[in-house]
Amino acid sequence: MPNLYETDFYGWTQEQAELLRQKEWSKIDLPNLLEEIESLGKQQRQELRNRLSVLLGHLLKWQYQPERRSRSWLATIRLQRRETIKLLVDNPSLKSYLPDALQSAYENGRDLAMGETNLPLKTFPAECGYSFEQIVNNEFYPGESSFDIEEF
């Protein structure tokens, strides 16, 4: 007989929350609850990789296709920077995962940049040339020595 976890996930979450509130320890679906808690942590890591992937892809596009720069690219860079910083503020222990996240995100960012610029993959360096501080710095735009965001 399937349990609530398998048939109504939302209902299961509400039931588990109530059981926790009532301290009904013996009725808690511990195996599935543990799995879901671990999954939440993995989702935060995935969100960090996704945000960094989009951000790095747009920084590469900005640097290697300057003639096609747009407000849309600028908006994406700014948004992803803000959301990446917020994610790390809300989840400070993710900072220990940054080196791995950056490596994976850079590979994805290269693919994104290649696909959206139609430039060959070899155009983009195999290793990320930006530090994390540069990646999230609102003043950093690769390939620009004096870029005024207000005039773009």
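Residues numbered from 1 in each chain as written. Predicted model: local features only at pLDDT ≥ 70, side-chain atom pairs only at ≥ 80, totals over all residues. Heavy atoms only, no water.

Peer 1: Would you mind going over the overall build of the protein chain with me for this structure?
Peer 2: The helix and strand tally for the protein chain stands at six helices and zero strands. For the protein chain, the succession of helices and strands along the chain, N to C, is α-α-α-α-α-α. Radius of gyration (C-alpha) of the protein chain: 21 Å, far over the 15 Å computed for a compact globule of 152 residues. If one aligns the C-alpha atoms of the protein chain with their principal axes, the spans along those axes are about 65 × 30 × 25 Å. Taking all 152 residues of the protein chain together, 35% fall into the buried category. Of the accessible surface of the protein chain, which amounts to about 9700 Å², a share of 50% is contributed by carbon and sulfur atoms. Looking at the protein chain, you have 18 positive and 24 negative side-chain charges, and the mean spots of the two groups are 4 Å apart. (Helix = DSSP H or I, 4+ residues; strand = E, 2+ residues; numbered from the N terminus. Rg over C-alpha atoms; globule rule 2.2 N^0.38 Å. Buried < 20%, exposed > 50% of the residue type's maximum accessible area, 1.4 Å probe, protein only. Areas by Shrake-Rupley, 256 points an atom, 1.4 Å probe, with all protein chains shown as cover. Lys, Arg positive; Asp, Glu negative; His and termini not counted. Charge placed at Lys NZ, Arg CZ, Asp CG, Glu CD.)

Peer 1: I tried to follow the packing of aromatic side chains on my own but got confused; where do I start?
Peer 2: Two descriptors summarise a pair of aromatic rings, namely the distance from one centre to the other and the angle between the planes of the rings. A full pass over the atoms with the stated rule returns six aromatic pairs. Arranged with centres 5.8 Å apart and planes meeting at 70°, the rings of Tyr5 and Phe9 form a pair that is edge-to-face. Looking at Phe9, the relative accessible area reads 39%, which means it is partly exposed. Taken together, a centroid distance of 5.6 Å and an interplanar angle of 65° make the contact between Tyr130 and Phe140 edge-to-face. Residue Tyr130 is located in the loop between helix H5 (98-117) and helix H6 (132-135), and its partner Phe140 is located in the segment after H6; the two are separated by ten residues in the primary sequence. Each member of the pair, Tyr130 together with Phe140, is buried. Ring pairing ties together the aromatic residues Tyr5, Phe9 and Trp12, which thus form one cluster. (Phe/Tyr/Trp six-rings, centres within 6.5 Å; stacked < 30°, edge-to-face > 60°.)

Peer 1: Hey, could you run me through helix H2 (residues 9-21) in this one?
Peer 2: Structural remark: α-helix, 3.6 residues per turn; residues separated by three or four positions point the same way. An ideal rise of 1.5 Å per residue puts 18 Å on 13 residues; H2 measures up with 18 Å between its terminal C-alpha atoms. Buried residues belonging to H2 abut helix H1 (4-7) and helix H3 (30-64). (Expected span 1.5 Å × (residues − 1). Contact = heavy atoms within 4.5 Å.)

Peer 1: Can you help me understand the nonpolar core in this one?
Peer 2: One broad rule of soluble globular proteins: the nonpolar side chains tend to lie buried together. Core analysis: the biggest nonpolar cluster contains 27 residues, and Leu48, Leu52, Leu56, Tyr130, Phe132 and Ile135 have the highest contact counts within it. Secondary-structure elements contributing two or more residues to this core are H3, helix H4 (71-90), H5 and H6. Ranked by residues supplied to this core, first place goes to H3 with seven residues. Beyond its immediate chain neighbours, meaning those up to four positions away, Ile135 contacts Leu52, Leu55, Leu56, Leu59, Arg81, Leu102, Cys128, Tyr130 and Phe140. Counting residues in each nonpolar core, the second largest holds five residues, with Trp12, Leu19, Ile28 and Leu33 among its members. (Core = buried A, V, L, I, M, F, W, Y, C linked by side-chain atoms within 4.5 Å.)

Peer 1: So what exactly am I meant to see when it comes to the side chain of Arg51 here?
Peer 2: Within the fold, Arg51 resides in helix H3. Within the structure, Arg51 has its side chain in polar contact with the side chain of Gln80 (distance 3.2 Å). Each residue touching Arg51, except ones within four places of it in the same chain, is listed here: Gln80, Glu83 and Thr84. (Polar contact = N/O pair within 3.5 Å; in protein donor to acceptor, adjacent residues only side chain to side chain.)

Peer 1: For this particular structure, what's the right way to read the packing of H3 against H5?
Peer 2: Where H3 contacts H5, the axes come no closer than 7 Å and their chain directions differ by 45°. Our classification of the angle between H3 and H5 gives oblique. Here H3 runs over H5; the crossing is right-handed. Its residues placed into classes, the contact of H3 with H5 shows twelve nonpolar, seven polar and four charged. (Axes fitted to C-alpha atoms, helices over the stretch in contact; angles between N-to-C directions. Parallel < 35°, antiparallel > 145°, perpendicular 65-115°, else oblique. Left-handed = near helix turned anticlockwise from the far one by under 90°. Nonpolar A, V, L, I, M, F, W, Y, C, P; charged D, E, K, R; others polar.)

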